[in-house]
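Next come the chains, spelled out residue by residue.
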Amino acid sequence: MKNSRLPRGTAILMNNRALTLQLLFSHGRMSRTDIADYLGITTAAVTSIVNDFLDEGLVVQGDAVLESQNPVGRRRLPIAVNYDWKYILAIDIHSYYVNIAITNMKGNVITERALAPDGDTPQALCSGIAKECIHLLWKAGISTEQVLGAGVTVIGPINQVDGIALHVFRLFDDPFPIRSYFEAEFPFPVAVENNVCAILLSELIYTDITEDAHNILMLKWGPGVGSAMAIHDNIYKGYNYESPEIGHNRISEQDGQRCNCGATGCLEPTVSTDAITAFIRREISRDPAGELAKISRRIGIPSRKNLPHYLESASETLWTFVRERAHALASVTSNAVHLLSPDKLLLIGDLFDLGPVAALFEQQLYAINPRLQPNLCATAQASAGKKYVGAAAIVIEQILLLRKDLGTNGREGHRNS
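The shown structure was predicted, so the numbers you read here are calculated from the model rather than taken from an experiment.

So, how was this worked out
Residues numbered from 1 in each chain as written. Predicted model: local features only at pLDDT ≥ 70, side-chain atom pairs only at ≥ 80, totals over all residues. Heavy atoms only, no water. Pairing = 2+ DSSP bridges. Helix = DSSP H or I, 4+ residues; strand = E, 2+ residues; numbered from the N terminus. Axes fitted to C-alpha atoms, helices over the stretch in contact; angles between N-to-C directions. Contact = heavy atoms within 4.5 Å. Polar contact = N/O pair within 3.5 Å; in protein donor to acceptor, adjacent residues only side chain to side chain. Parallel < 35°, antiparallel > 145°, perpendicular 65-115°, else oblique. Left-handed = near helix turned anticlockwise from the far one by under 90°. Nonpolar A, V, L, I, M, F, W, Y, C, P; charged D, E, K, R; others polar.

Novice: Describe the sheet that holds strand β7 (residues 109-115), listing the residues and the values that go with them.
Specialist: In space, the five strands of this open sheet follow the order β7-β6-β5-β8-β11, with mixed pairing throughout. Each end of this open sheet is capped by a strand with a single partner; those strands are β7 and β11 (190-194). Ignoring strand direction, the axes of neighbouring strands in this sheet form an average angle of 15°. Across seven bridges, strand β5 (residues 87-93) lies against strand β8 (residues 147-154) in parallel orientation. From the neighbouring strand, Ala-90 faces β8, where its bridge partner is Gly-151. Helix α6 (residues 195-206) rests against β5, β8 and β11 of the sheet, and its axis sits at about 105° to β11. Sitting on the sheet, helix α13 (residues 389-400) touches β5, β6 (98-103), β8 and β11, and the angle it makes with β8 is about 120°.

In C-alpha cells, the structure reads:
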C-alpha cells in the first residue's frame, strides 16, 4: 500500500481516530494492516481504534481475504464504513426552490421533498424549512436521536467556520447566521457550506482522487455556472470566504445582462441553461415552421427540464449557439486554469451530464489552449446522480470527523488515541 502521504487534514487538527475513519471513507474497504501502513502507526493502535468503531457500529467487518495467494496465508478482515449508522438531514437552498431530504452517510436518499422559499426574513425562512424537515423525519419514522446532523448547502459565499451566509443570491443581500437559525430549531448539530464547494468536498471525502490530484478545480455548468477549488487536498476560499467564481467573471462592459449575483455583465447569464432555452424560444417565434418549432410541438415549450431532449436534435441553428456558449465558457475557464494551475478540472452539472456537450466544451478548451496537460478534464464521481451528497459530505467533515468522542462511546480516556 502506498504510504506517500496522509489523508486530507493534518495530525494537528485530526487525531488517529478521525484519520482512520477519513481513510475508510475515501478508500473503501481496507484491512487493519493497510490502514496502519498508510497512516504510519502500529497495527495494534489501528486494532484498538477499529474495535471501538465496531462496538459503536460506525464500521463493519467484511469477509476475510487472504494476505497472499497462499491458501495457508494469514487472513485479513477488511473494515468498511457503515453508511447506515446514522441519518443525515440534507437542506439545499437556491433562489427559487429548496430541496430537503433524509439520506444515509453517503448521500443516498431515503426520502425527499421540494419546497418553495418562504419567509420575509432569513430567520423566518430557516424556521419554515426546519419545521418541514422535522415533519419529514416524523413521516419517515426517524427520531432526531438517529440523525448525525443537518447539512445545509446554499448558493453564494458561505463562512462555514462561523456559520454565516454572506449573500444568498436573489433571496437576501445581507449576511445572516444561518447555522444558528437552524440549530435553534434542531436538537442536532448543523453544518453549512456553499453548494458547489460542498460537491467538491464530496469528491475529497468519498473518493481517492487525492491520490493523483491535489489541486482540483471544479466547474459546474447547468443551470448556472459554479466553481470551487481545492488546494493541497482542502477546499480553498479567499477573502471574505469567496471561492474562485468562473461564472461571475465580467465579460461585458456595456449592455451586459443582470446576473443572479446582482452584478451586470457576468458570464453566467450568457451561457446558462436559461440562456439556451431563451434562444430556442426566440428561434421558435422567428421560424414557426422550423425544426425547433417541430420539436416543441412534440415535447413542449423549452425549459430546464426538457432541454436535454432539444439537445438530442441535430439542429444546426441550436448547435451553433451552443458551440458559441461552450467557447465563451471554455475561454474564461482557460484563464482560470492559467491562474490556478489545477491538476484536474472536474466537470459536473446538467449540461456536462450530456456527453456531446461535455465533449464540445473540452474540444473548445483545448482549441483555445493546446498546451493544457492531457486528461485534465474528468467527470465527478461521488456526486454522479446524487444531488444531496454535498450535504452529506459537509456533515462528515464538519461534525463527525471533529467529534472529540469519536469512536469512544463517550469514554473520556480514549480522546487522545
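Novice: Tell me about the sheet that holds strand β15 (residues 344-348), and please be specific about residues and values.
Specialist: Taken in spatial order, the five strands make up an open sheet running β14-β13-β12-β15-β16, and their pairing is mixed. Pairing within the sheet leaves two strands with one partner each, and these edge strands are β14 (234-236) and β16 (377-379). Adjacent strand axes in the sheet meet at a mean angle of 30° when their direction is disregarded. Bridge count between strand β13 (residues 225-231) and β14: three bridges; the pairing is antiparallel. Opposite Met-229, over in β14, you have Tyr-236 as the bridge partner.

Novice: Could you give an account of the environment of Asn-234, naming the residues involved and the relevant values?
Specialist: In this fold, Asn-234 is placed in strand β14. Sequence separation between Asn-234 and Asn-215 is 19 residues; the distance between their C-alpha atoms is 8.4 Å. Separated by 3.1 Å, the side chain of Asn-234 and the backbone oxygen of His-232 make a polar contact.

Novice: Got a sec to walk through the pairing of β7? Specific residues and values, please.
Specialist: Note: β6 against β7, six bridges, orientation antiparallel. Among the inter-strand pairings, Thr-103 is bridged to a residue of β7, identified as Val-109. Connecting β6 to the next strand, β7, in antiparallel fashion are five residues, including Gly-107 with a positive phi near 85°.

Novice: So, the packing of helix α2 (residues 32-39) against helix α3 (residues 43-56): which residues are in play, and what are the values?
Specialist: The angle between the axes and the distance between the axes are what describe a pair of packed helices. Running from N to C, α2 and α3 cross one another at 120°; their axes reach a closest spacing of 9 Å. Classified by the angle between their axes, α2 and α3 sit oblique to one another. The handedness of the crossing between α2 and α3 comes out as right-handed. Of the residues in α3, those in contact with Arg-32, Thr-33, Ile-35 and Ala-36 of α2 are Thr-43, Val-46, Thr-47, Val-50, Asn-51 and Leu-54. Of the residues assigned to the contact of α2 with α3, the class counts are five nonpolar, four polar and one charged.

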